[in-house]
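Here is how the chains run, residue by residue.
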Amino acid sequence: MVGGEVFSDEGLGQRAAQLAVRILKGERARDIPVEVAPTTPTFDWRQVQRWGIEEDLLPPGSTIMFREPSVWQRYRWYIATASGIGALQAMLILALLIQRASRKRAEEKARVQQRELTHLSRVVTLGELTGTLAHEVVQPLSAILVNAHAARRLLDRDTLDREELQGALDDIVQADERATEVLGRVALALKKKNSVREELNLNDVVGETLKLSATTLKARSVSVTTFLAQDLPGIHGDRIELQQVLLNLILNACDAMGEVPAARRRLAIKTEYGADDMIRVSVTDLGKGISKELGDKIFNSFTTTKPNGLGLGLTISRTIIVAHRGQIWGERNDGDGATFTFCIPAMHSHIGNGRPKVAVGDTA
């Protein structure tokens, strides 16, 4: 603006027309004052870059033409979208990591609770054997006492019978070893520990469990026949947990035969190796069997046919067998009683003719 007049394109055209009219009327062009519109310094950005001129050195208010847009100006929507997606993915990954950590904590808590419940069930099961185990320990202790008195009397004699004294001392040692073995089995079964997997032979597990329950079986007038497969392949398992499963099945069978005449209280334990590389252990009784109403529900928690039962023995047994990559089930026999079977995969293929031989054990 000069003298209050705005120099626009339209104003400049009017001024040029006025000058032309004055010249045509005879005025000399040099005598006519010309008002020049103020101009803004204008620069070509490409030339500024070419000559390496800093923009700060240009006159204030300069206009730079043909400036190339910045990366942000050119791709700001793409950058904003990519940043948003990246932030969303980061939040999603963080949420998944938090969820995974929470799930691991929950799984570990569940495993701890399962170990606690398994140990509690083992204590309850062994609690049923308390009376008979005490009787089994009292017997060797009584033998130790009797032989100790006998040895003292032999020492009081004028003539020492060394052979008889040696026999009494040997009996003391044997009775002590027997009591130690009984207490050791109970202590090992009651020991609270994490699952320890090792190579096992299920025939050995059956034999150890029968030793642990021998006095109970005798007290309940239950005879046991074993059918143990020869050359049985090993399995990878926890000895104490598998003893717990087998002991639970044996005690359940004894309870099922509680109302059966003593002469018919017979229990059969069988091991076999199948063509599917699974080793099966079955416990067959002649009791009241499994009712149709129960069926597979017998493995559900708090399902029991015992007046004072917790209904957890078979549930925990199933948990243990599943943890060993096996299965457990119960079937009603064609005649009397029921058969409970569990199977566990063998560590390697059976070497031989493909089918195991069967050895019939003694009847207890």
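Structure: see above.
Residues numbered from 1 in each chain as written. Predicted model: local features only at pLDDT ≥ 70, side-chain atom pairs only at ≥ 80, totals over all residues. Heavy atoms only, no water.

**Remarks on the nonpolar core**
In plain terms, the rule: Nonpolar cores were defined as sets of buried Ala, Val, Leu, Ile, Met, Phe, Trp, Tyr and Cys residues, with membership established by side-chain atoms within 4.5 Å. Burial here depends on accessible area, computed with a 1.4 Å probe over protein chains only, as a share of the maximum for the residue type. Under 20% is buried, over 50% is exposed, and the range in between is partly exposed. Numbering of helices and strands runs from the N terminus; a helix is a DSSP stretch of H or I covering at least four residues, while a strand is a stretch of E covering at least two. In this description, contact between two residues means that some pair of their heavy atoms is separated by no more than 4.5 Å.
By size, the foremost hydrophobic cluster in this structure holds 38 residues, and its most contacted members are Leu202, Leu217, Leu242, Ile250, Leu267, Ile269 and Phe342. Broken down by secondary-structure element, the contributors of at least two residues to this core are helix H6 (202-219), strand E4 (223-229), helix H7 (239-256), strand E6 (266-273), strand E7 (278-284), helix H8 (313-323) and strand E9 (338-345). With seven residues, H7 is the largest single contributor of residues to this core. When residues no more than four places from it in sequence are discounted, the contact partners of Ile250 are Thr209, Leu210, Ser213, Leu217, Leu267 and Ile269.

**So, H8**
Residues three or four positions apart in an α-helix share a direction because the helix packs 3.6 residues into each turn. Every buried residue of H8 is listed here: Leu314, Thr315, Ile316, Ser317, Ile320 and Ile321. Backbone geometry just after H8 places Arg325 at a positive phi near 60°.

**Considerations on the side chain of Asp238**
For clarity, the cut-off: Here a polar contact is recorded for every N or O atom pair within 3.5 Å, except that within protein the pair must consist of a potential hydrogen donor and a potential acceptor, and residues adjacent in sequence are included only if both atoms are side-chain atoms.
Residue placement: Asp238 occurs in the loop between strand E5 (235-237) and H7. A distance of 2.9 Å separates a polar side-chain atom of Asp238 from the backbone nitrogen of Glu241.

**Thoughts on the pattern of salt bridges**
Cut-off, in case you're wondering: By definition, a salt bridge exists where a carboxyl oxygen of Asp or Glu is found within 4 Å of a side-chain nitrogen of Lys or Arg.
Tallying each qualifying case throughout the model produces six salt bridges. The salt bridge involving Glu198 is made with Arg239; its shortest N-O contact spans 3.7 Å. With Glu198 in strand E3 (residues 198-200) and Arg239 in helix H7, this pair connects stretches of sequence that are 41 residues apart. Asp336 is the partner of Arg264 in a salt bridge, and the nearest nitrogen-oxygen pair spans 3.1 Å. One end of the pair, Arg264, is in the loop between H7 and E6; the other, Asp336, is in the loop between strand E8 (327-332) and E9, and 72 residues separate them in sequence.

**Concerning unusual backbone geometry**
Even without being glycine, Ser221 reaches a positive phi, approximately 60°. Looking at where Ser221 falls in the secondary structure, it is placed in the loop between H6 and E4. We classify Ser221 as partly exposed; its relative accessible area is 37%. Of note in this structure, Asp231 is not a glycine but carries a positive phi near 55°. By secondary structure assignment, the location of Asp231 is in the loop between E4 and E5. With relative accessibility at 61%, the residue Asp231 sits in the exposed group.

So far we have only geometry, and geometry alone does not tell us how the molecule works.
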